[in-house]
Each structure stands twice: as structure tokens, then as C-alpha cells.
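Commentary on secondary and tertiary structure
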There are 2 protein chains.
Amino acid sequence: MALIVQKYGGTSVGSPERIKHVAQRVARFVAEGHKVVVVVSAMSGETNRLLALAREVAPSPDPRELDVMVSTGEQVTIALVSMALMQLGVKARSYTGGQVRILTDSAFTKARITNIDDANIRGDLDAGFVVVVAGFQGVDEQGNITTLGRGGSDTTGVALAAALAADECQIYTDVDGVYTTDPRIVPEARRLRTVTFEEMLEMASLGSKVLQIRSVEFAGKYKVRLRVLSSFEEGGEGTLITFEEDANMEKAVISGIAFNRDEAKITLLGVPDRPGIAYQILGPIGDANIDVDMIVQNVSHDGLTDFSFTVHRNDYQKAMQILKSVDAHIKSRGVVGDDKIAKVSVVGVGMRSHAGIASTAFRTLAEEGINIQMISTSEIKISIVIDEKYMELAVRVLHRSFQLDQPSA
Amino acid sequence: MALIVQKYGGTSVGSPERIKHVAQRVARFVAEGHKVVVVVSAMSGETNRLLALAREVAPSPDPRELDVMVSTGEQVTIALVSMALMQLGVKARSYTGGQVRILTDSAFTKARITNIDDANIRGDLDAGFVVVVAGFQGVDEQGNITTLGRGGSDTTGVALAAALAADECQIYTDVDGVYTTDPRIVPEARRLRTVTFEEMLEMASLGSKVLQIRSVEFAGKYKVRLRVLSSFEEGGEGTLITFEEDANMEKAVISGIAFNRDEAKITLLGVPDRPGIAYQILGPIGDANIDVDMIVQNVSHDGLTDFSFTVHRNDYQKAMQILKSVDAHIKSRGVVGDDKIAKVSVVGVGMRSHAGIASTAFRTLAEEGINIQMISTSEIKISIVIDEKYMELAVRVLHRSFQLDQPSA
């Protein structure tokens, strides 16, 4: 008998039929003697419907009120899933984020979980209930409804699994696991049976979209056993996210090719190369709650250097505006930007002990005539920014070049 | 400068356009220096959409979960109205029933308000905010979401007005006041400038549908100045519900003809006429949370009497079932029912001091050949149950017979 947290995304609960299907799977786990906590997203399309409604009333809706509204999407789903479970004779009870008390900070539309009160849930689990929790939402100290930002339901699932010391957190999606890359771009892409936490973190942050990044961070921090599974297939084992590197000794050097077309690049040309300049540039960006991904600064010439970074495309215009006013003080040679870029990343924990990965990647792209605009590396990944029109090509040739289409040893 | 509670129903907030319209009206009141609390229903059609969704998942959905789901309707509206107000430069903040803390009992889908914590709202009003509250919903002692039953947003409005000692509670609907009867049935129906609380209570309970009955009871109990207005017309004075009979000394004897086609009639034939029998019959009905409206029992013959009462048509089948099992003990001569009835009522506070009202009503119906099935009277009304097919005719002839189409003195 295990305690399992199962998270179902918007597509998995996208219709009454699919909700009944989810209830049947949960009922099977209950019949096997497991305690189950179900975390659900809004039915697919619902969040967008609500956002469109908001924009009809106010072009830039107030964030607090947006959260009040958007959080209703999951609230509808928890009720429907609970009803469907009861229909199967399974005791169930729904909880909004506020009812659990998933406490967050007050950063509306992108709040972070600060604490989870697990008393109610534990009580219900002990009394034989399946507990159905609204993902993506919480409540701040003042009782305001908050949301964790899009994709945040994964985070709710993992955070609950951590708080409850669950045996496993299962993320059900429309894919049956983590792949070496997106099979829609590379048909030969293979499902990974395991992937390390670090690799997953890089894959998620780089846009492989299977899991929301914050949820993987959470899982790593609290050592939550995390598994990605298909909600449309039965009996699959999915991909297990592991935390022990040793278990992967014989793994291939490279696990996958991630990519991302959601970013925009901004460069300050000819910035005076003096201490504090990076903070002067990025401080106001951070203050505006804009997340920065890649940051690249090369050696300077004549006391001047170029400073580049990437932000989400949605934040591009805002970031450009901020930088133009910041630049009044910095007096660079100009602020330029490009939102027609793509980031392609080669990810693999094996990279640490193998030389030559970077050169293989660069050679592969050069052979296809793809120009490299920015490079940044971490211990287990190499990220390359290119013109977005070359993205699919780059992913395909890198996938082949690192032999990811071959079964691993 | 006054403190005003304004309640807008589903049609008044039925589209983004209508919501902006509501925001404009609220903004005008704010500009005049008033403090305003806005109570809103779900956008028209939304509650039915949600109920249909629930029934697709479970034929008889769990009431607790139904409330979790249905309450999202108003939650969406409060956010939209607040956004629309902010768009006009008016400071606004939304509250769900749980956030206000509108405390109710735990009778899901038909909860009753037990207490309102007005601290948050008062704080916001003093800080210059318009407070936008979700009608129809509350939270029980355990933190479960409850709803007050359909039409309950009126009750929320009046209860908030009472808790805040508001100067006036304005109920905006799709009619511009309380009429002598429904103008769709009698085109000569006139709007009443004032109506007494007792008359309104009878009119509402008898199905004139302008106000939900519990809200009128609340208003009477807490002496809330209540006004019914059109949300589609500007500048109308609507109908004021008064509590001082003296103000109505010169009023016409009869204020209006109410009617109702939502009830069904149940009769136990040949019931033993002994103490406690009424309780034996109606106790189990009450235990099943079925509301009983009219109850009629006439004198007995040979120790036997007929016992009749009416329930809402939705409860008819359930009530018949209960009575059949109850009848195993009572051993009446049979349980018969009819759900093709209508109730027509003549209402007027002046009735108390005028004889002959009843006879006028009965003669009027007799002249049209309409058979009377049940009669019940109170101090200010006479209710008559007839075959539902005669309802419109009965309303028209009674309206004319009491000269309600003539301007009052």
C-alpha cells in the first residue's frame, strides 16, 4: 500500500468522458489498496476562455482579479472529478488551493508556494477518501487567491507529494514519458526509461514541455520520486526521474535535445565594462518580475563589452522599454533585440566526463550552414541560440549526430 | 454620502458589455460620493452550463461538490466587475463568499446564512474601495463552500446591507419594479411605487419572481431599506419596499395578483383525525429538506379527514415516495397527487380592514367557470389553487376585478 499523488493536466480532464476515464484509473489504484491524492488542472481551453473574457472587459486586467477568475477553472475540475469518483462508489472530497491551505507569496499570476498545511488532507486520506486538489492555485497570508502561473499544476502535485511524503508523484500527460526530443520533430525520438533530475531540469527549462520546471526543482529539493506517464494509455511505465547519478553509470553521454521558441534576445552594445554594470542592467528587469534565462557577456575591448540575455517573448516589449530608460544612465552604444530566435540544447549528465560534445554540436550545425548567435553552457548542457527558422533542422541533425535514435546500451 | 449595496442578477452581468455597463453605473454612484458594495450573480446561462456539465459526469451529483462547482459562476463575475471598475479608474476589490466570510450552515445547495464577518469589507470601504461580493455563496464552519440555492444572490445583498447597516439595498433586475401582476400576462399591469414588506413577502413567495423570498424576510427582520430597479434603464425610481404600514394608509386595498406554476399538490385521503397526525405526515417531508407551502385540512367526518399540501414540483416525486412509505403506518384511504396545478393569489395589506375581498375573488373565478381546488388565506392574501390551464385567465380577470389597472388614488 502506497501513498500516491497523481496529477492530470488539462487535456486529461478535457471532457466529461476524459474525467470519467481519470476516475476509473484512480478507482483502480484505490482498489489495489493505495491512498491517492489527485491534482488536476482546468479543463483544456477553459483558462484561455476565461482570459479572453477578462480581456473583453479590461485590456490589461488586474492580476489579483485575474487570479480570482482563472482559479475557477481548476475548481470546476476538482468538483467534477470528485463527482465522477463517487459515481464509481469511491469516497472522494475536493479541495481548492485555499481550502487545503496551500500558502503562497502574493505575486499574483506567478505566485510561489511557501507552505502546505496537510492536516485536512491527511485526515481525509486516513478516513478512506480520495482527495482531489485544485492545481495551479493557492492563497496568500491575507486570504487572497493566487495562481502559480501556467503549468503550475505540476508544481502543486510535487509540492503536495513532498508535504505528504508520498511514495510517488505521477504526472499524467498526453505523452507517455520523456523523449530524447520531440517526436513531432524527430520521428526516431525514443522514450527514456529514466532521466536524472538534473537532465530533466534542463529539459523542462529548455522547453521540452513535459514537466513544468518549478515542479522538477521542487522534486529535486524534496527528493520526490517523480514519474511521467500517459493518461491515454494503460500499463505504461513512463519515465522515472531519478536522483542517484550512480544508477546512470552506463547511460549514454547525451540524453536528449531540448528546444524552445518562446524566448527573445536583447543585447546592449558597447557597455562600459565596470563592476556593477550587470546589476544595473538586470536589476530593473528583475524588479519588473521578468525572468531572464541565458546571459552572455564576452571579454571586453577598450573597456567596452556587449551584454546579451534572453527573456520570455511575452516580456520582450516590456523588457525593451525598461532597458531603453536604463540605458539613459548606462549610455551604451545601443539596445538591440530579436524575438525571432530559437534555443536548442544538448542535454546529458554524461557530458561532465566526456570531452568533445560541444565541438560535435558546433560542427553538426556548421555542416548545415546554421549560424550560432549565442552559446551558453552548464555542466550538463550546451545551449545554442539560432535563427528560429532553423530550429527543426538543428534538432534533427543534433539528434542524429548524438545517435539518440539508437537504443542505449 | 450613503452606503449602498447594489445587487445585479445574471442578466445584468450576462456579457462583457453588460458588465461594463454595471461598472459605469457603480462609478457614477462613487462619483456622487457614495460608498458602494456590489453583489453579483453568475453570468446568465453559466449556472445551467455548469449543472449540465455535472450531470454529464454524474447523474445525481454530490451536493457538496455541486456547490464547489456552481460557486465558480459568481467568482468569475466578481473578478470581471472589479476589472471593469478598475478600468474606469475606480478602486475595486472582489470577495468570494468564503473570503468575506459569509458563514452558513452546511445544507449544501440550499444553505442559510448564519453570520457575516464585515471587517474586511468595512476596511476596504473606508480605504475608498468598491467591494464586489459573490452572491449566492458562503462557507460553513468547516470551510466547505456552500450555496444558498437559486436566487440566493438577493439574500446575499440584503444580508450584507443588514450587516453593514447600509442606507439602501438596491436590487437591479430586468424589470423596473414590482408590478400589480406580470405584464406579460396582463398588459395593463402597473408598477407599484411602494409595496409593504408583508405584501412583497407574499408576492415573492407566490412566484412574482422579482425578489427571492428569503431576501425579503431578511430585509424585514433587519429593517433593510430595499429597492427594486431596472438594470437596463437609467434614472427610474423602481419600487421601494416599505416597513411602515402608516405610509400606506391611502393605498388601494389590493396591491397585486401573484401566481405560481411551480407547485404540485398532494392529498392524503381519509386520514385518522388524531393529535400528531400532521407531524407524522410532514415530519418526514421536512427531514428530506422538502419545503411545504400551502397546507389545508378541513373538518373531519367520522374521525377521518383529508390532508392536503403543496410542494415544489421538483420535489413532487420524492414527496410522493416518502408519503407512500409513511402511509404504511398512517393507513389513510390513499395518497393522491397532481402536478398540473397553479396557485393564484390576491395580495394586499389593505385586505385586513376590508371585508368582501374573498367573495369578490371567488365570484370572479366562478363567473369564468374556473373550479377552485384549494384555498388558503393569511392576513394579507388569499391563495387559490386551480387547474394550471386556467392560470392566465384567472390572473387577468382578478386583476381587472380588483381594478388594478386603474391608477391608485
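Everything that follows concerns the structure shown earlier in this document.
Residues numbered from 1 in each chain as written. Chains lettered and ligands numbered in written order. Predicted model: local features only at pLDDT ≥ 70, side-chain atom pairs only at ≥ 80, totals over all residues.

Our next topic: the relation of the copies chain B and chain A. In screw terms, the move from chain B to chain A is a rotation of 180° and a rise of 0.0 Å along the axis, fitting with an RMSD of 0.1 Å. The two molecules are tied by a two-fold rotation axis, judged by turn and shift. Residues of chain B ranked by C-alpha distance from the rotation axis are headed by Thr72 of chain B, positioned 2.6 Å from it. Mapped onto chain A, 100% of the interface residues of chain B again fall at the interface, so both copies present the same surface. (Least-squares fit on C-alpha atoms with pLDDT ≥ 70 in both. Contact = placed C-beta atoms within 7 Å.)

We now examine the interface of chain B and chain A. Facing the 28 residues of chain B at the interface are 28 residues of chain A. Elements that contribute at least two residues to the side of chain B that touches chain A include exactly α1 (16–31), α2 (46–57), α3 (63–70) and α4 (72–87) of chain B. When residues in the side of chain B that touches chain A are grouped by element, the largest group, eleven residues, is from α4 of chain B. Here the side of chain B that touches chain A is composed, by residue class, of 17 nonpolar, seven polar and four charged. (Helix = DSSP H or I, 4+ residues; strand = E, 2+ residues; numbered from the N terminus. Nonpolar A, V, L, I, M, F, W, Y, C, P; charged D, E, K, R; others polar.)

This next bit is on the sheet that holds strand β17 (residues 292–297) of chain A. All names here are of chain A. Spatially, four strands are ordered β17-β18-β16-β19 in an open sheet, and the strand pairing comes out antiparallel. Either end of the sheet is taken by a strand with one partner, and the two such strands are β17 and β19 (334–338). On average, adjacent strands in this sheet sit at an angle of 15° to one another, irrespective of strand direction. Both strand β16 (residues 263–272) and strand β18 (residues 304–312) contribute to a ladder of eight bridges, which runs antiparallel. Bridge pairing in β18 links Ile266 to Phe309. Sheet strands touched by helix α10 (residues 277–287): β16, β17 and β18. Its angle to β16, the strand with the most contacts, is close to 145°. (Pairing = 2+ DSSP bridges. Axes fitted to C-alpha atoms, helices over the stretch in contact; angles between N-to-C directions.)

This part covers the pairing of strand β15 (residues 256–260) of chain A. Along any regular strand the residues' side chains alternate between the sheet's two faces. Residue and element names in this part refer to chain A. Most of β15 is tucked away: five of the five residues are buried. Burial along β15 is two-sided: Gly256, Ala258 and Asn260 and Ile257 and Phe259, pointing in opposite directions, are all buried. As paired strands, β15 and strand β20 (residues 341–347) are joined by five bridges and run antiparallel to one another. Within β20, the position partnered with Ile257 by the bridge is Val346. (Buried ≥ 20, exposed ≤ 12 C-beta atoms within 10 Å, placed from the backbone.)

Functional significance is not addressed by these values, which are geometric in nature.
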